[in-house]
Amino acid sequence: MHTITLSDGHQIPQVGFGVFMIPNDGSTYEAVRAALAAGYRHIDTAAAYFNEAEVGRAVKDSGIPREEIFVTSKLWIQDYGYEAAKKGIATSLEKLGLDYIDLYLLHQPYGDVAGAWKALEEAKAEGKIKSIGVSNMTPNIYSRFVPDFATKPAVNQVECNPFFQQKKLRTLLAKDGVVLEAYFPLGHGSAELLSHPLIARLSEKYKKTAGQIILRFETQEGFVVLPKAVNPDHIAANIDIFDFTIDDGDMEALRGLDTGKGSHDPEAPGVGEYLLANFDVHKDDK
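For the structure given in this document, a descriptive report is provided here.

Cut-offs and rules
Residues numbered from 1 in each chain as written. Predicted model: local features only at pLDDT ≥ 70, side-chain atom pairs only at ≥ 80, totals over all residues. Heavy atoms only, no water. Helix = DSSP H or I, 4+ residues; strand = E, 2+ residues; numbered from the N terminus. Rg over C-alpha atoms; globule rule 2.2 N^0.38 Å. Buried < 20%, exposed > 50% of the residue type's maximum accessible area, 1.4 Å probe, protein only. Contact = heavy atoms within 4.5 Å. Lys, Arg positive; Asp, Glu negative; His and termini not counted. Charge placed at Lys NZ, Arg CZ, Asp CG, Glu CD. 1 Å grid on protein atoms, 1.4 Å probe; cavity = no way out; pocket = protein on both sides within 12 Å on 5 of 7 lines; lining within 4 Å. Points joined across faces, edges and corners; volume = space filled by probe spheres on them. Nonpolar A, V, L, I, M, F, W, Y, C, P; charged D, E, K, R; others polar. Phe/Tyr/Trp six-rings, centres within 6.5 Å; stacked < 30°, edge-to-face > 60°. Core = buried A, V, L, I, M, F, W, Y, C linked by side-chain atoms within 4.5 Å. Pairing = 2+ DSSP bridges. Arc of directions from axis to C-beta. Polar contact = N/O pair within 3.5 Å; in protein donor to acceptor, adjacent residues only side chain to side chain.

1. Things to note about the overall build of the chain
Then, in step 1: Counting its secondary structure elements, the chain contains 12 helices and 10 strands.
Then, in step 2: For 286 residues, the compact-globule formula gives about 19 Å, and the C-alpha radius of gyration of the chain, at 18 Å, lands near that figure.
Then, in step 3: With the C-alpha coordinates aligned to their principal axes, the bounding extent of the chain is approximately 55 × 40 × 35 Å.
Then, in step 4: In the chain, which comprises 286 residues, the proportion classed as buried is 55%.
Then, in step 5: In the chain, 74% of the contacts between residues at least 6 apart in sequence involve partners at least 24 apart.
Then, in step 6: Here the chain contributes 29 positive and 40 negative side-chain charges, whose respective centroids are spaced 2 Å apart.

2. Description of the environment of Val-113
Then, in step 1: In this fold, Val-113 is placed in helix 4 (residues 113-125).
Then, in step 2: Take Val-113: its relative accessible area is 1%, and that puts it in the buried class.
Then, in step 3: The spacing of Val-113 and Tyr-82 is 31 residues in sequence and 8.9 Å in space, taken between C-alpha atoms.
Then, in step 4: Beyond its immediate sequence surroundings of up to four residues, Val-113 is in contact with Tyr-80, Leu-106, Met-137, Phe-145 and Phe-149.

3. Remarks on the side chain of Ser-73
Then, in step 1: With respect to the helices and strands, Ser-73 occurs in strand 5 (residues 70-75).
Then, in step 2: Under the relative-accessibility criterion, Ser-73 is labelled buried at 0%.
Then, in step 3: Other than its neighbours up to four places away in sequence, Ser-73 contacts Thr-45, Ala-46, Ala-47, Glu-52, Ser-92, Leu-96, Ile-101, Leu-103, Tyr-104 and Leu-105.

4. Examining the layout of surface pockets
Then, in step 1: Approximately 900 Å³ is the volume found for the largest pocket.
Then, in step 2: In this structure, the largest pocket is lined by 37 residues; those nearest its centre are Phe-20, Tyr-183, Phe-184, His-188 and Lys-228.
Then, in step 3: A breakdown of the residues in the lining of the largest pocket according to their chemical character gives 19 nonpolar, 16 polar and two charged.

5. Here's the deal with the packing of aromatic side chains
Then, in step 1: Under the defined criterion, the tally for this structure stands at seven aromatic pairs.
Then, in step 2: Where Phe-17 meets Tyr-40, the ring centres are 5.5 Å apart and the plane angle is 70 degrees; that geometry is what we call edge-to-face. Here the residue Phe-17 occupies a position in strand 3 (residues 17-18), and Tyr-40 occupies one in the loop between helix 1 (27-38) and strand 4 (42-44), the gap between them amounting to 23 residues. Comparing Phe-17 with Tyr-40 shows no difference in burial state: the two are buried.

6. A word on the nonpolar core
Then, in step 1: By size, the foremost hydrophobic cluster in this structure holds 82 residues, and its most contacted members are Phe-17 and Leu-120.
Then, in step 2: Broken down by element, this core gets its largest block of residues, six residues, from helix 4.
Then, in step 3: Those residues in contact with Phe-17 that sit more than four places away from it in its chain are Ile-22, Ala-31, Val-32, Ala-35, Tyr-40, His-42, Ile-43, Asp-44, Pro-227, Ala-229 and Ile-235.
Then, in step 4: Listed in part, the 10 residues of the second largest apolar core include Leu-6, Leu-103, Val-179 and Val-224.

7. Details of the environment of His-264
Then, in step 1: The topology assignment puts His-264 in the loop between helix 11 (248-255) and helix 12 (271-278).
Then, in step 2: Not counting residues up to four positions away in its chain, the partners in contact with His-264 are Gln-108, Asn-136, Glu-159, Tyr-183 and Val-271.

8. Focus on the sheet that holds strand 6 (residues 101-106)
Then, in step 1: Taken together, the eight strands give an open sheet; going across it, the order is 3-4-5-6-7-8-9-10, and neighbouring strands pair in parallel fashion. Looking at the sheet topology across the chains shown, the edges are occupied by strand 3 and strand 10 (224-225).
Then, in step 2: Here four bridges tie strand 5 to strand 6, and the two strands are oriented parallel to one another. For Ser-73, the partnering residue across the bridge sits in strand 6 and is Tyr-104.

9. Re helix 11
Then, in step 1: Buried within helix 11 we find Asp-250, Met-251 and Leu-254. In a view along the axis of helix 11, the buried residues occupy a sector of 105 degrees, so they form one face of it. Opposite its buried face, helix 11 presents the exposed residues Asp-248 and Glu-252, each directed more than 90 degrees away.
Then, in step 2: Packing partners of the buried residues in helix 11 comprise helix 8 (197-206) and helix 9 (210-220).
Then, in step 3: Residue Asp-247 occupies the N-cap position of helix 11, its side-chain oxygen lying 3.2 Å from the main-chain nitrogen of Gly-249.

Below, the structure written as structure tokens:
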């Protein structure tokens, strides 16, 4: 398994398995079991995915030693603020059924970010979390919050793919030694991206699928990628990308696909309010 060393010294597998929008009806459990069987050792979930429990059960039932599996989860904005965040972290640990979480992120950059980050720092010091990070932070948002953090985030998980390569953000993150984690690395299944003539040409040249070309480009750029799939063939294909290297000329051509625009704008008015109103991680507590 190819890994990247985070600024805190911990190793993160460069290809992770994302479980966003996989239902908690047993589907997440089966998908994670399939991913682990295919060789994945990095699973990415979140409180607001509502499937932490199935992820934890799949990890436990896999028979793979816990220390060999890198588990990421995320704190939801309902639980921001120092005291609420401490409870949110405890809830994630309980639902996952784990003694520690390898990486825990602030899922969205709204509300009492500073108070929530302090709770993550404390949980890291206590050994409940190995590494801490942020998510959905644009250059402007990152510059607003992170300079005041006592501990720099290990990662910033954001939308990133060949059509949206986050070049400005990457320059900012590099200065702080922060790794970019790419969600929607395949453009959220964008047919325009997957069938792009350049991707098709490289797919033929390297005898790899369009998805494998895209993921290999991203890993060669130094990203951690989090492709999601439920089809066992796709799950296996998405991690089978380290037996070839895209040459410099083709890498430069792929860099030319960047439009600078993604499908989600964290700075758009009302995003935080919308998310808070539509994702209730405590609905089962009521």
